[in-house]
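Analysis of the macromolecular model
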Amino acid sequence: MTDSKHKDLSKRPSMNKQPPVKRVRNFNEVALGLTQEQAVKEAERCLQCKDPKCIKGCPVEINIPLFIKFIKERKFNQAIEVIKERDNIPAITGRVCPQETQCEIVCILKKLGEPIAIGALERYVSDYELKTKIQKISKLKKKEIGKKIAVIGSGPAGLTAAGDLSKLGYKVTIFEALHEPGGVLTYGIPEFRMPKGIVRSEVEYIKRLGVEIKTNMIIGKILTIKDLFNLGYDAIFIGSGAGSPHFLGINGENLIGVYSANEFLTRVNLMKAYLFPKYHTPIKIGKNTIVIGGGNVAMDAARTSLRLGSDVFVIYRRTEKEMPARTEEIYNAKEEGVKLRILTSPVKIFGDEKGRVKSLECIKMKLGQPDETGRKRPIEIPGSNFSMDCDTVIIAIGQAPNPLISNSTKGLKTDDKGYLIVDKNGRTSIKGVWAAGDIVPDSGTVIEAMGRARKAVIDINKCLSQTRPTIKN
Amino acid sequence: MHIILDKKELAPNVKMLKVSAPLVARKSKPGQFIVIRISEKGERIPLTIVEKDDKIGSLAIIFQEVGRTTKELGELRKGDHILDLVGPLGKPSEFRKVGTAVIIGGGIGIGEAYPEAKAHKAIGNRVISIIGARSREFLILENEMASISDEIYITTDDGTKGHHGFVTDILEELINKKIKIDLVFAVGPPIMMKAVSEITEPHRIKTLVSLNPIMVDATGMCGGCRVNIGGENKFACVDGPTFDGHKVDFELLIKRLNTYIAEEKISCKMH
Ligand SMILES: Cc1cc2nc3c(=O)[nH]c(=O)nc-3n(C[C@H](O)[C@H](O)[C@H](O)COP(=O)(O)OP(=O)(O)OC[C@H]3O[C@@H](n4cnc5c(N)ncnc54)[C@H](O)[C@@H]3O)c2cc1C
Ligand code: SF4
Ligand code: FES
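So, here's what we can say about the structure.

The rules we used
- Residues numbered from 1 in each chain as written.
- Chains lettered and ligands numbered in written order.
- Predicted model: local features only at pLDDT ≥ 70, side-chain atom pairs only at ≥ 80, totals over all residues.
- Heavy atoms only, no water.
- Helix = DSSP H or I, 4+ residues; strand = E, 2+ residues; numbered from the N terminus.
- Rg over C-alpha atoms; globule rule 2.2 N^0.38 Å.
- Buried < 20%, exposed > 50% of the residue type's maximum accessible area, 1.4 Å probe, protein only.
- 1 Å grid on protein atoms, 1.4 Å probe; cavity = no way out; pocket = protein on both sides within 12 Å on 5 of 7 lines; lining within 4 Å.
- Points joined across faces, edges and corners; volume = space filled by probe spheres on them.
- Nonpolar A, V, L, I, M, F, W, Y, C, P; charged D, E, K, R; others polar.
- Contact = heavy atoms within 4.5 Å.
- Buried area = accessible area lost by both parts, 1.4 Å probe.
- Salt bridge = Lys/Arg side-chain N within 4 Å of Asp/Glu carboxyl O.
- Near = heavy atom within 4 Å.
- Axes fitted to C-alpha atoms, helices over the stretch in contact; angles between N-to-C directions.
- Parallel < 35°, antiparallel > 145°, perpendicular 65-115°, else oblique.
- Left-handed = near helix turned anticlockwise from the far one by under 90°.
- Pairing = 2+ DSSP bridges.
- Core = buried A, V, L, I, M, F, W, Y, C linked by side-chain atoms within 4.5 Å.

What follows deals with the overall build of chain A. Tallying secondary structure elements over chain A gives 17 helices and 18 strands in all. For a compact globule of 473 residues, the expected C-alpha radius of gyration is about 23 Å, and chain A comes in at 23 Å, within 12% of that figure. By its C-alpha atoms, chain A is 65 × 65 × 50 Å across when sized along the principal axes. Within chain A, the proportion of its 473 residues that are buried is 58%.

A probe as big as a water molecule, rolled over the atoms, marks out the empty space that is left. All names here are of chain B. Inspection of the entire model under this criterion finds 5 cavities of 30 Å³ or more. Of the voids in this model, the largest cavity is the one considered here, and its volume is about 150 Å³. Sorting elements by how many residues they give to the lining of the largest cavity places helix H8 (residues 250-257) first, with 3 residues. The residue makeup of the lining of the largest cavity, split by class, is 10 nonpolar, 3 polar and 4 charged.

This part covers the interface of chain B and chain A. Taken together, the 45 residues of chain B in the interface contact 41 residues of chain A. Where chain B abuts chain A, roughly 3,700 Å² becomes buried across the two surfaces, and 58% of that area is made up of carbon and sulfur atoms. Counting the surface chain B buries against chain A, the share from its top three residues, Lys41, Met221 and Tyr260 of chain B, is 19%. Counting the contacts that link chain B with chain A gives 2 salt bridges. The partner of Glu263 of chain B in a salt bridge is Lys284 of chain A, and the shortest N-O contact between them spans 3.1 Å.

Before going further, it helps to spend a moment on the site of ligand 2. Around ligand 2, the structure places Cys46, Leu47, Cys49, Cys54, Pro65, Cys107, Ile108, Ile116 and Ile118 of chain A. Broken down by class, the residue content of the shell around ligand 2 amounts to 9 nonpolar, no polar and no charged.

Residues and elements named next belong to chain A. Packing of helix H13 (residues 261-270) against helix H14 (residues 296-307) leaves a shortest axis separation of 10 Å and a crossing angle of 50°. Here H13 lies oblique to H14, going by the angle between them. The hand of the H13/H14 crossing is left-handed. Within the contact between the two elements, H13 uses Ala261, Phe264, Leu265 and Val268 and H14 uses Val297, Asp300, Ala301, Thr304 and Ser305.

Residues and elements named next belong to chain B. Strand order in this open sheet of 7 strands is E12-E11-E10-E9-E13-E14-E17, and the pairing throughout is mixed. Only two strands of the sheet have a single neighbouring strand rather than two, namely strand E12 (163-164) and strand E17 (242-244). Bridge count for strand E13 (residues 183-187) against strand E14 (residues 207-210) is 3 bridges, and the pairing is parallel. Residue pairing across strands places Val184 opposite Thr207, the latter belonging to E14. Where helix H6 (residues 190-200) meets the sheet, its contacts fall on strand E9 (100-106), E13 and E14, and the angle it forms with E13 comes to roughly 165°.

Ranked by size, the top nonpolar core spans 72 residues in total, and within it Ile64, Phe67, Ile71, Val125 and Phe237 of chain A carry the most contacts. For this core, the element with the highest residue contribution is helix H17 (residues 446-466) of chain A, accounting for 10 residues. Excluding anything up to four places from it in sequence, Ile64 of chain A contacts Cys54, Ile55, Cys58, Cys103 and Ile118 of chain A. Ile349 and Phe386 of chain A together with Ala186 and Ala236 of chain B belong to the second-largest nonpolar core, a separate cluster that totals 54 residues.

This part takes up the sheet that holds strand E5 (residues 51-53) of chain B. Residue and element names in this part refer to chain B. A sheet is described by the order of its strands in space; here 5 strands give the open sequence E5-E6-E2-E1-E7, paired in antiparallel fashion. Each edge of the sheet is formed by a strand with only one pairing partner; in this case those strands are E5 and strand E7 (81-82). Pairing geometry for E5 and strand E6 (residues 58-64), over 3 bridges, is antiparallel. Within E6, the position partnered with Asp53 by the bridge is Ser58.

Here is the structure:
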């Protein structure tokens, strides 16, 4: 602790943003980042703790105080090097990580006022690197060791595993089902929160580390896990995500104008339907949209609908406190004009004679005793049914793993919900096959996917340094 | 790169392309389809694999130029390439020796009926084909179908060739003649598949139909292709595209196929 006692330690800079009235009319990024002066000033606030709690809060254990120290010294290139030792895609994590529940919540300064804006600083240096176009290939990259690894899926888990394995000297090929890499970052999270140009730059970096990305390759269809072993891959990493949308199972769910959030967001983000007809994929949006759910996906769908010109209600069966979305995203959504209706659950969707959505019948809820997740269980209030007019309904109540791979792979064990069963190192029930990210149980964020992918990489490296694995059966 | 090796006009606005896709060709089985995207701004559209050639590593696809994407596809020439091609998608059809299989193809659906008929023939079933179109000039793959059928019937809506009427007229006739039918496979406009299923249901003839809902990813990720089968929602891209015709909610399928009619008009104007 040097001269810090002379400064006001309690305040952090607030993120510069596009004003709400302006941003609801465009798809440009909402958060604009910090200026260099703000970043340096914020970095000066860091106490450089001897036993930094922040590192332990970070699922990939970035040396946070060290990169902050470099920012303070305006050595931005060195700051990015520090981050990239642990995180290959910081421009992404700097934008979408829930820092407020990870590194920032344990920052010692939180006790004195506001924690260091670690996420904003991470974003600052990664944007600096992208802007100055230096994106150096990490010095850590080792010589090729003549072993090859197949990575399935190019979301955060796949990109992390591929990047790290490549740095260790493995020859890595990513197989991606869609025509664009990036996983949820590309097809799910909207442009205004996760600009696709940024995703593309981060993917480019992974490619420059030596990773080959084969798009339009659905494993389980064009090649099976067994085929991959037969092709000579020494290990396989599965990062195929949880892409299969849940529906409500209520009447009217197949009416025209009812979308799963996945379809809605895929049309808008991956296929760029917000630029229809310049881009050819259409989207049907009315004047009144109801989004069902309370997570990040629901917020993204709601804010996208606003930008497409609709009024938007989000209905959620618990209260705002229980909503799984990031606080920041709920705040942004409300500021933009998304209306929340809490303690409300959908009952039935009504349509007109052409099969188009007309209204949604809902029922009011109250909170009862906590359930197994510790959240209070919502209970219907009998007779409290009411109707809301709408012409678009978006269902954002979560997703399950896509069974394409497990169904086509004998011996690959899943739990009763279809998630791949793995040990703490990410090993699946098949020798030589690892998995991480949303395809394994209890993972649901970009950084958790990355953290577990890193663990798997360490284990893969350990195994491959010893023997050459072969497929069982 | 998926180069177009050959291009043929089969009927007005109906074209066949032979595309290089060695790996997909090797893996694909009858009943499966591919998704293609032909430009950076383009849509992803599903197309049935009509035929494959393992030696050349090629796939044949047939399409009717109805929307913007199929029109643009029709403008591509031999030697051009297709930007994105993914497959093989969907469940392969199952073929068992059952006896007599009636294969019904309507319009462009004849292209999809062809690989089914061929596979039934190969496994030793007696194949009765019924193919129909609006008019004589829209009949496709007539010779190909004839070459693998034990019997073939042709219908046109306007009577310019074969029976003046619908494929269902012939089907009813066969049933009335007490010809033993062990399986019906129908592919074509939803209204035709619906009519076929309604005819066979009282006779308890197993009837399979190949559905064509709107798709986006075709990997089971969006649910846009959902169809209702016996009261249960299924994703046609991964659970289908072939389903029990007696269980399909055709009304729903037809309504959902009309989702983007207004947008398609705008899109076609842009073309
Ligand atoms: C709309 C939305 C908003 C979100 N917001 C946030 C947020 O703000 N912060 C946060 O931390 N998390 C957020 N999440 C969650 C986060 O995106 C996921 O936890 C994370 O992307 C999981 O990474 P993954 O690599 O496991 O899977 P994914 O990102 O889902 O990537 C999986 C990839 O594998 C491909 N694939 C699947 N099957 C196959 C196959 N058989 N063969 C080949 N490829 C295949 C898929 O096409 C996909 O590209 C959000 C999710 C969504 C949907
Ligand atoms: S805990 Fe907070 S103050 Fe301490 S090193 Fe980490 S960021 Fe700096
Ligand atoms: S097309 Fe998206 S799930 Fe079938």
